[in-house]
Amino acid sequence: MARSVHLPGLMRRIVLSSFVCLAVSNCTPSEQSKSDSTRADILDSCGPTSRVMMILDRSSSMQTGTINGETKWSIATDAIDAVSAEFQNNIEMGLMTFPASGACSAGETLLEPALGRRQDFADELRAPPPTAGNWTPMSQTLEAARQEPSLVQSSEPGERNVILITDGWQWCSPYDPS
C-alpha cells in the first residue's frame, strides 16, 4: 500500500530543519547536548550569529502550480514565516527574489541580513508573483548572491549561507543556460 505524504508540511519541515542546522552550527558539542536547556537557551549561548540569504523563486509557476490545492508560493512563504518566527532573534536573515523585474533578470536583494526580520519578510512577500511572464533565472541570481555586499563584505564573524527555495530549474525564453 502506498504511503501518502503531505508535501506542504514536508517542505516546511525541511526548511525549518535547515535553519536548525545553521543555528547550532556555531555551537560547541557541549552546548548542543545540554538536556535541560531549551533550543532558545542553546542558541543564545552559541558563537557568532550565522548570516543567511534566502533566495525565493518568484517565477510564475510558483503562483500557478499547486500541491494539494495550495500554491507553491503560499507553501514557500508559509515556510519562510515559520522559520523567521523561530529564528529571527538568532540568525541574521535576508531576502532575495528572482526574477527582479520580470522575464529573465537576475534576482535582487530586498532585505539585507539582520536579526528581527519576520515582519519585513511578511511585508515583502505579501504580493504573489504574476501568473505569466516571470521565468526562472536561477544561475544569474546565485551569481548575484555570490557578490552580494551584505554577505561578502561584512566584517562580522559567523557563517554565511544561501538557501535557495524554488520549484524549478534554470529557464528563460529564449533559453540561456548561464
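In every chain, residue numbers begin from 1 and rise along the written sequence. Residue-level local features of this predicted model are given only where pLDDT is at least 70; pairs of side-chain atoms are given and counted only at 80 or more, and the full residue set underlies all totals for whole chains, interfaces and linings. The side-chain quantities take in all heavy atoms of the structure and omit both hydrogens and water.

J.: Hey, could you go over the sheet that holds strand β5 (residues 108-114) for me, with residue numbers and the actual values?
T.: Pairing between strands is defined by DSSP: at least two bridges between the two strands are required. Put simply, DSSP marks the helices as runs of H or I at least four residues long and the strands as runs of E at least two long, and each gets a number from the N terminus on. Pairing is mixed in the open sheet, where 4 strands are placed in the order β5-β4-β1-β6. The open sheet has two edge strands, β5 and β6 (160-165), and neither has a second partner. Between one strand axis and the next, the sheet turns through 15° on average, direction left out of account. One ladder, built from 4 bridges, connects strand β4 (residues 91-98) with β5; its direction is antiparallel. Paired with Met96 across the two strands is Thr109, which belongs to β5. Set on the sheet, helix α7 (residues 138-146) makes contact with β1 (50-57), β4 and β6; between it and β4 the angle comes to about 145°. Here an angle of 0 to 180 degrees is reported between the N-to-C directions of two axes, which are lines fitted to C-alpha atoms, with helices fitted over the stretch in contact. Contacts between residues were defined by any pair of non-hydrogen atoms, one from each residue, lying within 4.5 Å.

J.: Quick one: what's the story with helix α5 (residues 72-87), residue by residue and with numbers?
T.: With 16 residues, α5 extends 22 Å from end C-alpha to end C-alpha; this agrees with the ideal 22 Å at 1.5 Å per step. Residue exposure (1.4 Å probe, protein chains only): buried if accessible area is under 20% of the type maximum, exposed if over 50%, otherwise partly exposed. Burial in α5 covers these residues: Trp73, Ile75, Ala76, Thr77, Ala79, Ile80, Val83, Ser84 and Phe87. For a helix, the expected span equals 1.5 Å multiplied by the residue count minus one.

J.: Mind laying out the pattern of salt bridges, listing which residues take part and the relevant values?
T.: Criterion for a salt bridge: a side-chain nitrogen of Lys or Arg within 4 Å of a carboxyl oxygen of Asp or Glu. This model, assessed by the stated rule, comprises 6 salt bridges. Residue Arg118 is joined to Asp81 by a salt bridge in which the shortest nitrogen-to-oxygen separation is 2.9 Å. A residue pair is termed long-range when its members are at least 10 positions apart, and Arg118 in helix α6 (residues 118-124) and Asp81 in helix α5 qualify at 37 residues. Since its relative accessible area comes to 34%, Arg118 is described here as partly exposed.

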